[in-house]
Amino acid sequence: MTQPLALVFYERLLPGSQLVNRLQDLHYRVQTVAEAGALATAAEQHLPMLALVDLQASRGDALAAIAQTRSAPATSHLPIIAFTGDSRPAALAAGQEAGASLVAQDQALLNHLPELLEQVLRVE
């Protein structure tokens, strides 16, 4: 059986590399995206099961990348988990407003990754 693909955009090394390792431990193939603006194109090309996006990007607009991915017909269904080290409600709400399926703080995402993956991948 083929391992599901997770598309991951991150700039902050610590949470990003930990997330990639945790996904691989959970038997996901991981494809990283170097720039936020390339997320929608990468999603159309690679057809991942889900995408994970670091909202604290200094090069590029992660919120715009989420919105663009959501607005494209080929990727509008894609579950997107956004993560940030910022605990302010406004920072978390911005990810949801952009179209993320779920927004979590870095540590919560790393600590509860299997449960959060199950939540966003649940077919209703």
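In the block above lies the structure referred to throughout.
Note that the structure is predicted; figures quoted are calculated from it, not measured.

So, how was this worked out
- Residues numbered from 1 in each chain as written.
- Predicted model: local features only at pLDDT ≥ 70, side-chain atom pairs only at ≥ 80, totals over all residues.
- Heavy atoms only, no water.
- Helix = DSSP H or I, 4+ residues; strand = E, 2+ residues; numbered from the N terminus.
- Rg over C-alpha atoms; globule rule 2.2 N^0.38 Å.
- Buried < 20%, exposed > 50% of the residue type's maximum accessible area, 1.4 Å probe, protein only.
- Contact = heavy atoms within 4.5 Å.
- Lys, Arg positive; Asp, Glu negative; His and termini not counted.
- Charge placed at Lys NZ, Arg CZ, Asp CG, Glu CD.
- Salt bridge = Lys/Arg side-chain N within 4 Å of Asp/Glu carboxyl O.
- Pairing = 2+ DSSP bridges.
- Axes fitted to C-alpha atoms, helices over the stretch in contact; angles between N-to-C directions.
- Parallel < 35°, antiparallel > 145°, perpendicular 65-115°, else oblique.
- Nonpolar A, V, L, I, M, F, W, Y, C, P; charged D, E, K, R; others polar.

**Q** Could you give an account of the overall build of the protein, naming the residues involved and the relevant values?
**A** Tallying secondary structure elements over the protein gives six helices and five strands in all. When the helices and strands of the protein are listed from N to C terminus, the series reads β-α-β-α-β-α-β-α-β-α-α. Relative to a compact globule of 124 residues, whose C-alpha radius of gyration would be 14 Å, the protein shows 13 Å and is just as compact. Projecting the C-alpha coordinates of the protein onto the three principal axes gives extents of approximately 40 × 30 × 30 Å. For the protein, buried positions account for 44% of its 124 residues. Long-range pairs, those at least 24 residues apart, make up 65% of the contacts in the protein between residues at least 6 apart in sequence. On the protein, the mean spot of the 7 positive side-chain charges and the mean spot of the 12 negative ones are 2 Å from each other.

**Q** Give a detailed account of the environment of Leu 113, specifying residues and quantitative values.
**A** Of note, Leu 113 is situated in helix H6 (residues 113-121). In this structure the C-alpha to C-alpha distance between Leu 113 and Leu 23, which are 90 residues apart in sequence, comes to 8.2 Å. Apart from the residues lying within four places of it in its own chain, the contact partners of Leu 113 are Leu 19, Arg 22, Leu 23 and Leu 26.

**Q** Before we move on, could you go through the pattern of salt bridges and cite the residues and values that matter?
**A** Pairs can form between side chains of opposite charge whenever their charged atoms are close. Applying the stated criterion across every chain yields a total of four salt bridges. Of the charged contacts in the structure, one is a salt bridge between Arg 12 and Asp 106, with a shortest N-O distance of 2.7 Å. Here Asp 106 lies in helix H5 (residues 106-111) and Arg 12 lies in the loop between strand E1 (5-9) and helix H1 (13-25), a separation of 94 residues in the sequence. Judged by relative accessible area, which is 12%, Asp 106 ranks as buried. For Asp 86, the salt bridge is made with Arg 88, and the minimal N-O distance between the two is 2.6 Å. When salt bridges with common partners are traced through the structure, they connect Arg 12, Asp 54 and Asp 106 into a single cluster.

**Q** Outline the sheet that holds strand E2 (residues 29-33), listing residues and values.
**A** Taken in spatial order, the five strands make up an open sheet running E2-E1-E3-E4-E5, and their pairing is parallel. Each edge of the open sheet carries a strand with a single partner, namely E2 and strand E5 (102-105). Taking each pair of neighbouring strands and ignoring which way they run, the sheet shows an average axis angle of 20 degrees. Sheet topology places strand E4 (residues 80-84) next to E5; four bridges connect them, and they run parallel. Each bridged residue has a counterpart across the sheet, and for Ile 81 the counterpart in E5 is Leu 102. Packed on one face of the sheet, helix H2 (residues 39-46) meets E1, E2 and strand E3 (50-54) and runs near 165 degrees to E1.

**Q** Which residues make up the packing of helix H3 (residues 62-71) against helix H4 (residues 89-98), and what values do they have?
**A** Here H3 crosses H4 at 25 degrees, and the two axes come no closer than 8 Å. The orientation of H3 relative to H4 falls into the category roughly parallel. Together, Leu 63, Ile 66, Ala 67 and Arg 70 of H3 and Ala 94, Gly 95 and Ala 98 of H4 make up the contact between the two elements. Split into classes, the residues belonging to the contact of H3 with H4 amount to five nonpolar, one polar and one charged.

In short, shape yes, function no, at least from these values alone.
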